[in-house]
Amino acid sequence: MIMNIEPSVYEPTYISILLILLGLGYLFLIGLAISKYQFKISGKIFLVISIVIYLLVGAYMVETGYYIDEEAPDALVFHKFGFLELIILSYAYIFLGLAVGFGKRKEN
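For the structure given in this document, a descriptive report is provided here. The structure presented is a predicted model; accordingly, all values stated were derived computationally and were not measured. (Residues numbered from 1 in each chain as written. Predicted model: local features only at pLDDT ≥ 70, side-chain atom pairs only at ≥ 80, totals over all residues. Heavy atoms only, no water.)

**Quick notes on helix α2 (residues 41-61)**
Turning to step 1, where the next piece is worked out: The end-to-end C-alpha distance of α2, which contains 21 residues, comes to 30 Å, matching closely the 30 Å that a straight helix rising 1.5 Å per residue would cover.
Turning to step 2, where the next piece is worked out: Of the residues making up α2, those classed as buried are Gly 43, Phe 46, Leu 47, Ser 50, Ile 53, Tyr 54, Val 57, Tyr 60 and Met 61. Around the axis of α2, the buried residues are gathered within 155° of arc, so they sit on the same side. Residues Ile 41, Val 48, Leu 55 and Leu 56 are exposed on α2 and point more than 90 degrees away from its buried face. (Helix = DSSP H or I, 4+ residues; strand = E, 2+ residues; numbered from the N terminus. Expected span 1.5 Å × (residues − 1). Buried < 20%, exposed > 50% of the residue type's maximum accessible area, 1.4 Å probe, protein only. Arc of directions from axis to C-beta.)

Below, the structure is given as structure tokens:
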């Protein structure tokens, strides 16, 4: 007797809430970084990489990207968002931190 068991991962509700907060918080932080810091060329490159990663994750999340788990079970919050998107979104913050690290604070 062969049993066909589909693996699924339970992702709690707070993961999707954290994902939305991090996504919206990024917009605030990128605006703050651009207004408060002066960037060298390396900082500008990291800033562009950060924005591109953010936009790519956004495109992935609104179904213009390809999903590994196309048949996601209903246990997943928002049916597609979860840990993978949360991990990928962290790269935008990493490159934003690098850009700020290479920049210097603007003088008033």
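**Some words on a nonpolar patch on the surface**
Turning to step 1, where the next piece is worked out: Among the surface-exposed residues, Ile 87, Tyr 91, Ile 94, Leu 98 and Phe 102 lie close enough to one another that they form a single nonpolar patch of about 460 Å² accessible area.
Turning to step 2, where the next piece is worked out: As for its placement among the helices and strands, Tyr 91 is situated in helix α3 (residues 83-102). (Patch = residues over 30% accessible without salt bridge, like charges linked within 9 Å, V, L, I, M, F, W, Y side chains within 5 Å. Areas by Shrake-Rupley, 256 points an atom, 1.4 Å probe, with all protein chains shown as cover. Salt bridge = Lys/Arg side-chain N within 4 Å of Asp/Glu carboxyl O.)

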